[in-house]
Amino acid sequence: MTVSTPLPTGYLLASSPNFLRALKVAAENADDVDRAGRFPSEAIQALKEAAAFGCYVPAEYDGMGVSFQHLAELTFEIARRCSASGMIFAMHQIQVGSIVHHLNAQTWFENYLRRVAGEQRLIASATSEVGVGGDLRRSIAAVEPVDGSGGLVRFEKQAPTISYGGHADDLLTTLRRHSEAEGSDQVLVLTHKEQMEMKQTSQWDTLGMRGTCSPGFVVQATCSAEQVMRVPFSTTAAETVVPFSHILWSHVWLGIATDAFERAQNFIRAQARQSPGSTPPAALRLSELSTHMSQFRAFVKAATAEYITLREDDPKQLSTIGYAVRINNLKIAASEAAAEAAQGALRVCGIAGYRNGTPYSVGRHLRDSLSAGLMIANDRIHSTNATLLLVYRDSK
Amino acid sequence: MVQTDLNSIIRRLIKEQAKIPATAGELADSDDLYDHGMTSHSSVMLMLGLENEFGVEFPDTMLTRDVFSSVNAIESAIRRLQQELT
């Protein structure tokens, strides 16, 4: 034997006893989290014990430094058990990625990453804002200096929704760079819970994704000017926020669809066992669903692979119109595929799937999957792509 | 001067098509247009305006953020395309 190659850290985490335990905890609590519309605190705590919230922090800042590929797979595994836990994990990692890939030698943020890894801090984000109509790339609220404070800044932002806002340790907020800046001249500001006053302005009583607990807030914060990221948000958005969001969300939706598919398959198997020698009629529907799932998995995997390749080989490509069109297409296709898969599973399982509390219940999956087309509404993305396609020839 | 003409046409199109609020005088040739409020939507409108004005077509490889990031960058892109035509 010469040198042995160490296992990629992502695989170590995915198969570590603590992570496997977290998956079990997530599955056990998923129905109650959904029914009560409550934060999945048991699963999140168990994921913290598995050090999962610092897994994407590079090893030089005390994290595990898992690859993006593994991060996506971990997201999928969590979401298969509990969609809310999977979505919270995904959203947290989008914020971690926004910092990791755009550090720009800012010491404050390097130290902060060490805290994320060491303390398993949970990061929420406040990107949406009352008055911008869901446009990620436009802000009204601005970073403003606190007069005579010697380096403090403040902001006040009205966010119509902040997922797990009441449960996060820190908040990453998009703001205009200064009070005179254009709406699209944005920066990211990271603030700690103790630096903020968050006034909840609405309830989160929804059809699905109930455990993400995403009501509206008015956020007032005062923090050090060092907590403002120097990199323009336009760069962070194109290179990290948008691709991370659409790829990790797609893995959440794929996880929801996969669990629904498995329930449908279990239902058919149980039927087949009761009447040996004949294939249940609904097995045909299951086969259709299997075809659908193959397509769904294939385009999610292809988009993930493309992002990893471009990020490594030619990150400039991530800011092209062509890439914007393609990553937008992933979001639209994956969100529609998830809802179709859940409906397909319901057709297979019939009343056993429609009823809550059976091993074949897929009502939760259907309700959760319907959120996918709405979080950044697909029509909004279509209208962006419609404009981009005026100049871009989509041949890839 | 050809150069000045090109520059002023680009500035006119930035104002008309991209609808960037900064007046022509405030905008330096090297200023980042995105920092002055250009969005992906307005950049597309600007590209269409440029294609129409100069009778060129931007190949997909040139549809990057950098190519449309400033007056200077647009000028050199147009020159490159015009050279390819001749």
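Residues numbered from 1 in each chain as written. Chains lettered and ligands numbered in written order. Predicted model: local features only at pLDDT ≥ 70, side-chain atom pairs only at ≥ 80, totals over all residues. Heavy atoms only, no water.

With respect to the overall build of chain A
Heads up, the rule is: Only runs of H or I of at least four residues qualify as helices and only runs of E of at least two qualify as strands under DSSP, and these elements are numbered from the N terminus. The globule rule is 2.2 Å times the number of residues to the power 0.38, and the radius of gyration it is compared with is taken over C-alpha atoms. The buried label goes to any residue with under 20% of its type's maximum accessible area, the exposed label to any with over 50%, and the partly exposed label to all in between, with areas taken from a 1.4 Å probe on protein chains only. Surface exposure here means Shrake-Rupley accessible area, sampled with a 1.4 Å probe, where a residue is shielded only by the protein chains that are shown.
Helix and strand counts for chain A come out as twelve helices and seven strands. In terms of overall dimensions, chain A is globule-like: its C-alpha atoms have a radius of gyration of 22 Å, near the 21 Å expected for 396 residues. Projected onto its principal axes, the C-alpha positions of chain A cover 80 × 55 × 50 Å. Every one of the 396 residues in chain A was classed for burial, and the buried ones make up 56%. Just so you have it, chain A exposes about 16800 Å², and 52% of that area is on carbon and sulfur atoms.

Examining the interface of chain A and chain B
We count it as follows: The contact definition used throughout considers only heavy atoms, calling two residues in contact when any of these lie within 4.5 Å. The term buried area denotes the loss of accessible surface (1.4 Å probe radius) that occurs when two parts are joined, taken as the sum for both partners. By salt bridge we mean one thing: a side-chain nitrogen of Lys or Arg within 4 Å of a carboxyl oxygen of Asp or Glu.
The interface is formed by 14 residues belonging to chain A together with 19 residues belonging to chain B. A combined buried area of about 1600 Å² lies between chain A and chain B, and 57% of that area is made up of carbon and sulfur atoms. Contact with chain B buries surface across chain A, with Glu 182, Val 391 and Arg 393 of chain A losing the most and accounting together for 31% of the total. Taken together, the connections running from chain A to chain B amount to one salt bridge. Salt-bridge contacts for Lys 316 of chain A lead to Asp 66 of chain B; the nearest nitrogen and oxygen are separated by 3.1 Å.

Brief notes about the domain arrangement of chain A
Accessible area lost on assembly of the parts is the figure often given for the size of an interface. All names here are of chain A. Which entries qualify depends on this criterion: Domain start and end points were adopted from an automatic or database domain assignment. In protein, a polar contact means a hydrogen-donor-capable atom and an acceptor-capable atom, both N or O and within 3.5 Å, with residues adjacent in sequence counting only if both atoms are side-chain atoms; elsewhere, any N or O pair within 3.5 Å suffices. Residue classes follow a fixed rule: Ala, Val, Leu, Ile, Met, Phe, Trp, Tyr, Cys and Pro count as nonpolar, while Asp, Glu, Lys and Arg count as charged, and any other residue, Gly among them, counts as polar.
Under the domain assignment used here, chain A contains domain 1 (9-119), domain 2 (123-227) and domain 3 (233-388). When each unit is reduced to the centre of its C-alpha atoms, the spacing between domain 1 and domain 3 is 21 Å. Of the residues lining the interface, 24 residues belong to domain 1; the matching set on domain 3 comes to 27 residues. Summing both partners gives a buried area of about 2200 Å² for domain 1 against domain 3, and 70% of it is carried by carbon and sulfur. Three residues, Phe 68, Arg 80 and Ile 94, lead the burial of domain 1 against domain 3; their summed loss comes to 28% of the area buried on that side. For the interface between domain 1 and domain 3, the tally reads three salt bridges. Our count for the domain 1 to domain 3 interface comes out at five residue pairs in polar contact (both at pLDDT 80 or more). For the side of domain 1 that touches domain 3, the elements supplying multiple residues, two or more each, are helix H2 (17-36), helix H4 (68-81) and helix H5 (83-100). Its residues assigned to classes, the side of domain 1 that touches domain 3 comprises eleven nonpolar, nine polar and four charged.

Description of the side chain of Arg 364 of chain A
Residues and elements named next belong to chain A. Here Arg 364 shows up in helix H11 (residues 363-369). Arg 364 gets classed as buried once you look at its relative accessible area, which sits at 10%. Apart from the residues lying within four places of it in its own chain, the contact partners of Arg 364 are Ala 30, Asp 31, Asp 34, Arg 81 and Arg 263.

Here's the deal with the sheet that holds strand E4 (residues 170-176) of chain A
All names here are of chain A. To keep it simple, the criterion reads: A pair of strands is treated as paired once DSSP finds two or more bridges between them. Axis geometry follows a simple rule: fit a line to the C-alpha atoms, using only the stretch in contact for helices, then measure angles between N-to-C directions, giving values from 0 to 180 degrees.
Overall, mixed pairing links the three strands, which are arranged E1-E4-E5 in an open sheet. Only two strands of the sheet have a single neighbouring strand rather than two, namely strand E1 (123-126) and strand E5 (186-192). Going across the sheet, the axis of each strand differs from the next one's by a mean of 25 degrees, ignoring polarity. With seven bridges connecting them, E4 and E5 associate as antiparallel partners. Looking at E5, one finds that Thr 174 is bridged to Leu 188. Packing of H5 onto the sheet brings it into contact with E1, E4 and E5, and relative to E1 it is tilted by some 85 degrees. The sheet contacts of helix H6 (residues 107-119) involve E1, E4 and E5, and relative to E5 the element is tilted by about 50 degrees.

A short note on the packing of aromatic side chains
Two measures describe an aromatic ring pair: the distance that separates the ring centres and the angle between the ring planes. This is how it is decided: Put simply, two rings from Phe, Tyr or Trp (the six-membered ring, in Trp's case) pair if the centres are within 6.5 Å, and we call them stacked under 30 degrees between planes, edge-to-face over 60, tilted for the rest.
Here the structure, examined in full by the defined rule, presents eleven aromatic pairs over all chains. Joined through ring pairs, the aromatic side chains of Tyr 56, Phe 68, Phe 244 and Tyr 307 of chain A make up one cluster.

Focus: the sheet that holds strand E6 (residues 196-200) of chain A
All names here are of chain A. The strand order across the open sheet built from four strands is E2-E3-E7-E6, with neighbouring strands paired in antiparallel fashion. Taken across any chain shown, the strands that pair with only one partner, and hence form the sheet edges, are strand E2 (144-145) and E6. As judged from the two bridges shared by E2 and strand E3 (residues 152-159), these two strands associate in the antiparallel manner. The partner of Pro 145 across the bridge, within E3, is Val 153.

Quick look at the nonpolar core
Side chains that are nonpolar tend, in soluble globular proteins, to be buried together. To keep things clear, this is the line we draw: For this analysis, a nonpolar core means a set of buried residues of the types Ala, Val, Leu, Ile, Met, Phe, Trp, Tyr and Cys, connected via side-chain atoms within 4.5 Å.
Grouped together as the largest cluster of nonpolar side chains are 112 residues, with contacts concentrated most on Leu 71, Ile 99, Trp 253 and Phe 296 of chain A. Considering every element that reaches this core, the biggest residue donor is helix H7 (residues 233-274) of chain A, with 18 residues. Setting aside its immediate chain neighbours within four residues, Trp 253 of chain A contacts Met 87, Phe 296, Lys 331, Ala 334, Ser 335, Ala 338, Ala 372 and Met 375 of chain A. Of all hydrophobic cores here, the second largest spans 31 residues; its members include Ile 14, Met 38, Leu 63 and Ile 78 of chain B.

Things to note about the pattern of salt bridges
Here the structure, examined in full by the defined rule, presents 24 salt bridges over all chains. Across the salt bridge formed by Arg 263 of chain A and Asp 259 of chain A, the nearest N and O atoms sit 3.1 Å from each other. One end of the pair, Arg 263 of chain A, and the other, Asp 259 of chain A, are both in helix H7, four residues apart, so they sit about a helical turn from each other. Neither residue differs from the other here; Arg 263 of chain A and Asp 259 of chain A are each classed as buried. One salt bridge connects Arg 11 of chain B with Asp 29 of chain B, and the closest N-O pair in it is separated by 2.8 Å. Here Asp 29 of chain B lies in the loop between helix H1 (2-16) and helix H2 (40-54) and Arg 11 of chain B lies in helix H1, a separation of 18 residues in the sequence. On the basis of relative accessibility, which here comes to 29%, the residue Asp 29 of chain B falls in the partly exposed class. Salt bridges linked by common partners bring Glu 77, Arg 80, Arg 81 and Glu 262 of chain A together as one network.

Structural notes on unusual backbone geometry
Residues and elements named next belong to chain A. The residue Tyr 164 is not glycine, and still its phi comes out positive at about 40 degrees. Checked against the element boundaries, Tyr 164 lands in the loop between E3 and E4. Here Tyr 164 falls in the buried class, since its relative accessible area comes to 1%. Positioned with a positive phi, Ile 376 is a non-glycine residue whose angle comes to about 60 degrees. Checked against the element boundaries, Ile 376 lands in the loop between H11 and helix H12 (378-388). You can call Ile 376 partly exposed: its relative accessible area is 34%.

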